[in-house]
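# Secondary and tertiary structure notes
Given next are the chains, with one letter for each unit.
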Amino acid sequence: MNNILIIEDEEKVSEVLKAYLEKDGYGVYTANNGVNGLELFNKHDFHLIILDLMLPDIDGEEICKRIRQTSEVHIFMLTAKGALSDKIEGLNIGADEYLVKPFSPRELTARVNALFRRIGGKQSDILSFDNGNLIIHKEKRTVTVKGEEVPLTPNEFDILYALAENKGKVLTREQLIDKVFGLDFEGFDRTIDVHIKNIRKKIEEDNRNPKYIITVVRVGYRFGGE
Ligand code: CA
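Residues numbered from 1 in each chain as written. Predicted model: local features only at pLDDT ≥ 70, side-chain atom pairs only at ≥ 80, totals over all residues. Heavy atoms only, no water.

### Overview of the packing of aromatic side chains
The line we're drawing: The rule is short: rings of Phe, Tyr and Trp, with Trp giving its six-membered ring, pair when the centres are within 6.5 Å, and they are stacked under 30 degrees, edge-to-face over 60, tilted in between. Secondary structure elements follow DSSP: runs of H or I of four or more residues count as helices, runs of E of two or more count as strands, with numbering from the N terminus. Each residue is assigned to one of three classes by its accessible area relative to the maximum for its type, calculated with a 1.4 Å probe on protein chains only: buried under 20%, partly exposed between the two thresholds, exposed over 50%. Charge-over-ring contacts are defined here by two conditions on Lys NZ or Arg CZ: a distance within 6 Å of the ring centre and an angle within 35 degrees of the ring normal.
All told, the structure shown has 5 aromatic pairs when counted by the stated rule. Between Phe157 and Tyr161 the ring centres are 6.1 Å apart and the planes differ by 15°, which places this aromatic pair in the stacked class. Here Phe157 and its partner Tyr161 are both found in helix α6 (residues 154-165), 4 residues apart, which amounts to about one turn of the helix. For the pair formed by Phe157 and Tyr161, the shared burial category is buried. Grouped by ring-pair contacts, the aromatic residues Phe129, Tyr212 and Phe223 constitute a single cluster. Over the face of the ring belonging to Tyr20 we find Lys23, whose NZ or CZ atom lies 5.4 Å from the ring centre.

Written as structure tokens, this is what we have:
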């Protein structure tokens, strides 16, 4: 599921956007000020941030800069009508797109859908590691180890894919839950550990000394394949 964070102090705007985006199948979180927005951003894993330029505490430009220090996530900035200089400055600080208020929720969802089609289209369909010993096929949702197809459950596949796609980066259990089950899932972090254990049995040569799914103590997991 693609997760979106809306940082916007006008509740009416964010409620309407949330409803439209959820109808189109996105997981949506909202924050009504910059502090809450950054807190959510640090806690969860988002694919898009919809950020209002004028917020009561930290302004949108500053939030954009802070997000850009650690993340390449897509940012749509919302700005008041006619604020052209803001528009130029916003592009310089790393916002990817601009929407001038007032805009229709339909227009915004159309642009969000277009963005996800675009980034979806850019990703390669096949991830290959260890000279082809481990191949993950995204569209077919299959995994082969040394040429043999290994049956994974849908959740196991999603967890493995999330880790492999973010090769080298540590993902927390919470981030994995967000990616695999969506933001609404109210489960335990242990759920992930159980799945990881099962995936290792299926893909690792020695599951006590795994080379693909590495445990990062007290943080989460990272993909170790090359
Ligand atoms: Ca505002």
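Structure's up, so let's keep going.
### Brief notes about the confidence of the model for the chain
We count it as follows: Residue-level confidence of the predictor is what pLDDT reports, using numbers from 0 through 100.
With 89% of its residues at a pLDDT of at least 70, the chain reaches an overall mean of 87. Looking across the chain, the model is least confident in helix α4 (residues 84-92), with a mean pLDDT of 59, and most confident in strand β1 (residues 3-7), with 96.

### Some words on the pairing of strand β12 (residues 220-223)
Put simply, the rule reads: DSSP calls a pair of strands paired once it identifies at least 2 bridges connecting them.
Of the strand pairs in this sheet, strand β10 (residues 171-172) and β12 are connected by 2 bridges, and their pairing is antiparallel. By the bridge assignment, Leu171 is partnered in β12 with Tyr221. Inspection of the sheet shows strand β11 (residues 213-216) paired to β12 by 4 bridges, in the antiparallel sense. Residue pairing in the sheet places Ile213 in a bridge with Phe223 of β12. Counting the residues in the hairpin turn of β11 and β12 gives 3 residues, including Arg218, whose phi is positive at 65°.

### Topic: the packing of helix α2 (residues 34-43) against helix α3 (residues 60-70)
Rules: In this analysis an axis means a line fitted to C-alpha atoms, helices contributing only their contacting stretch, and an angle means the value between N-to-C directions, from 0 to 180 degrees. The cut-offs work like this: below 35 degrees is roughly parallel, past 145 is roughly antiparallel, 65 to 115 is roughly perpendicular, and the gaps in between are oblique. With the far helix as reference, a near helix turned anticlockwise by less than a right angle produces a left-handed crossing, and one turned clockwise produces a right-handed crossing. Contact criterion: two residues are considered in contact whenever any of their non-hydrogen atoms come within 4.5 Å of each other. Three classes are used: nonpolar for Ala, Val, Leu, Ile, Met, Phe, Trp, Tyr, Cys and Pro, charged for Asp, Glu, Lys and Arg, and polar for all others, with Gly counted as polar.
Running from amino to carboxyl end, α2 crosses α3 at an angle of 15°, the nearest separation of the two axes being 11 Å. In terms of axis orientation, α2 runs roughly parallel to α3. Crossing handedness for the pair α2 and α3: right-handed. In this structure, α2 contributes Gly34, Leu38 and Phe41 to the contact, and α3 contributes Ile63, Arg66, Ile67 and Thr70. Each residue belonging to the contact of α2 with α3 can be placed in one class, and the counts come to 4 nonpolar, 2 polar and 1 charged.

### Some words on unusual backbone geometry
Note that the residue after Lys101, namely Pro102, is joined by a cis bond; omega there is -5°. Inspection of the secondary structure assignment puts Pro102 in the loop between β5 (97-100) and α5 (105-122).

### Quick notes on the sheet that holds β11
Taken in spatial order, the 3 strands make up an open sheet running β10-β12-β11, and their pairing is antiparallel. Strands at the two margins of the open sheet, each flanked by one partner only, are β10 and β11.

### Thoughts on the sheet that holds strand β8 (residues 142-145)
Spatial ordering of the open sheet is given by β6-β7-β8-β9, a layout of 4 strands whose pairing is antiparallel. The open sheet terminates on both sides in strands that have one partner only, identified here as β6 (126-129) and β9 (148-150). Each strand axis lies, on average, 20° off the axis of its neighbour in the sheet, ignoring direction. The pairing of strand β7 (residues 134-137) with β8 spans 4 bridges and is classified as antiparallel. Counted as the bridge partner of His137 is Thr142 from β8. Packing of α6 onto the sheet brings it into contact with β6, β7 and β8, and relative to β7 it is tilted by some 110°.

### As for the nonpolar core
Stated precisely, the cut-off is as follows: Remark: nonpolar core denotes a set of buried residues (Ala, Val, Leu, Ile, Met, Phe, Trp, Tyr, Cys) joined through side-chain atoms within 4.5 Å.
Counting 27 residues, the largest nonpolar core has Ile136, Leu160 and Leu163 as its most contacted members. When residues of this core are traced back to their parent elements, those giving at least two are β6, β7, β8, α6, α7 (173-181), α8 (189-203) and β12. The contacts of Leu160, once residues within four sequence positions are left out, are Ile136, Val143, Leu152, Ile199, Ile203, Ile213 and Phe223. Judged by nonpolar contacts, the second largest core, of 21 residues, contains Leu55, Ile63, Ile75 and Ala95.

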